[in-house]
Amino acid sequence: MNHVSGQQHPISLYLKIWGLLFVLSTMSYMVDYFHFQGYLRWTLIITFMLLKAGLIVAVFMHMAWERLSLVYAILVPPLCLLVLVWLMAAEAGHTFLTRLLFFH
């Protein structure tokens with residue numbers, strides 16, 4: 001008896017995720033089609049991007065079925081980098097405004 005070990009998921013799960021990714025990509029395209037501007041545009045684009053990336057990581061990279069320690073080991077470092085980038089952007093804005101105020 002030849003038995004392949006490992007976890008098998010139904011093909012319907014992958015097809016549903018593929019369909020959801022298609023819908024999210026269409027919604028992301030519609031942001032530009034309807035000419036959204038400003039913070040609403042960027043909020044929608046980033047939200048759709050994160051949702052698609054989360055689905056890909058969770059299902060196609062099988063993170064949804066991994067141990068929590070492995071998920072933390074993979075996801076925490078990029079999240080820390082995002083926080084660092086956000087802090088640097090805030091500091092850059094403060095520095096730019098200070099220079100405009102005192103050196104203009």
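For the structure, see preceding data.
Treat the numbers as computed from the prediction; the structure is a model and nothing was measured.

Engineer: Would you mind showing me how to read a nonpolar patch on the surface here?
Structural biologist: On the surface, W18, L20, F22, V23, M27, I56, F60 and M61 cluster together into a nonpolar patch covering about 780 Å² of accessible area. Counting only elements with at least two residues in the nonpolar patch, the list comes to α1 (11–33) and α2 (38–60). Relative to the assigned elements, V23 resides in helix α1. V23 sits in the partly exposed class, given a relative accessible area of 40%.

Engineer: Teacher, can you tell me more about the packing of α1 against α2 here?
Structural biologist: A pair of packed helices is characterised by two quantities: the angle between their axes and the separation of those axes. Interaxial distance between α1 and α2 falls to 10 Å at its minimum, and their mutual angle equals 165°. On the basis of their axis angle, the class for α1 and α2 is roughly antiparallel. The way α1 lies across α2 gives a crossing that is left-handed. In contact with L13, Y14, I17, L20, L21, L24, S25, M27, S28, V31 and D32 of α1, α2 contributes R41, L44, I45, F48, L51, K52, L55, I56, V59 and F60. A per-class count over the contact of α1 with α2 returns 16 nonpolar, two polar and three charged.

Engineer: Would you mind going over the pattern of salt bridges with me for this structure?
Structural biologist: Opposite charge on two side chains lets them pair, provided their charged atoms get close. As enumerated under the stated definition, the model contains one salt bridge in all. Note that D32 is salt-bridged to R41, the shortest N-O span being 2.8 Å.

Engineer: Honestly, the packing of aromatic side chains in this entry has me stumped. Any pointers?
Structural biologist: In this description, an aromatic ring pair is defined by two values, namely the gap between the centres and the angle between the planes. This model, assessed by the stated rule, comprises four aromatic pairs. Measuring from ring centre to ring centre gives 6.0 Å for W18 and F22, while their planes differ by 20°; the resulting arrangement is stacked. Within this pair, W18 and its partner F22 are both found in helix α1, separated by four residues, close to a single helical turn. Taking the relative accessible area as the measure of exposure, W18 reaches 56% and is therefore exposed. Residue classification places F22 among the exposed residues on the basis of a relative accessible area of 52%. The cationic tip of R41 hangs over the ring face of W42; the distance from NZ or CZ to the ring centre is 4.7 Å.

Engineer: Help me out: how do you make sense of the environment of P77 in this one?
Structural biologist: For P77, the position within the fold is in helix α3 (residues 68–103). Residue classification places P77 among the partly exposed positions, given a relative accessible area of 43%.

The rules we used
- Residues numbered from 1 in each chain as written.
- Predicted model: local features only at pLDDT ≥ 70, side-chain atom pairs only at ≥ 80, totals over all residues.
- Heavy atoms only, no water.
- Patch = residues over 30% accessible without salt bridge, like charges linked within 9 Å, V, L, I, M, F, W, Y side chains within 5 Å.
- Areas by Shrake-Rupley, 256 points an atom, 1.4 Å probe, with all protein chains shown as cover.
- Salt bridge = Lys/Arg side-chain N within 4 Å of Asp/Glu carboxyl O.
- Helix = DSSP H or I, 4+ residues; strand = E, 2+ residues; numbered from the N terminus.
- Buried < 20%, exposed > 50% of the residue type's maximum accessible area, 1.4 Å probe, protein only.
- Axes fitted to C-alpha atoms, helices over the stretch in contact; angles between N-to-C directions.
- Parallel < 35°, antiparallel > 145°, perpendicular 65-115°, else oblique.
- Left-handed = near helix turned anticlockwise from the far one by under 90°.
- Contact = heavy atoms within 4.5 Å.
- Nonpolar A, V, L, I, M, F, W, Y, C, P; charged D, E, K, R; others polar.
- Phe/Tyr/Trp six-rings, centres within 6.5 Å; stacked < 30°, edge-to-face > 60°.
- Lys NZ or Arg CZ within 6 Å of the ring centre and 35° of its normal.

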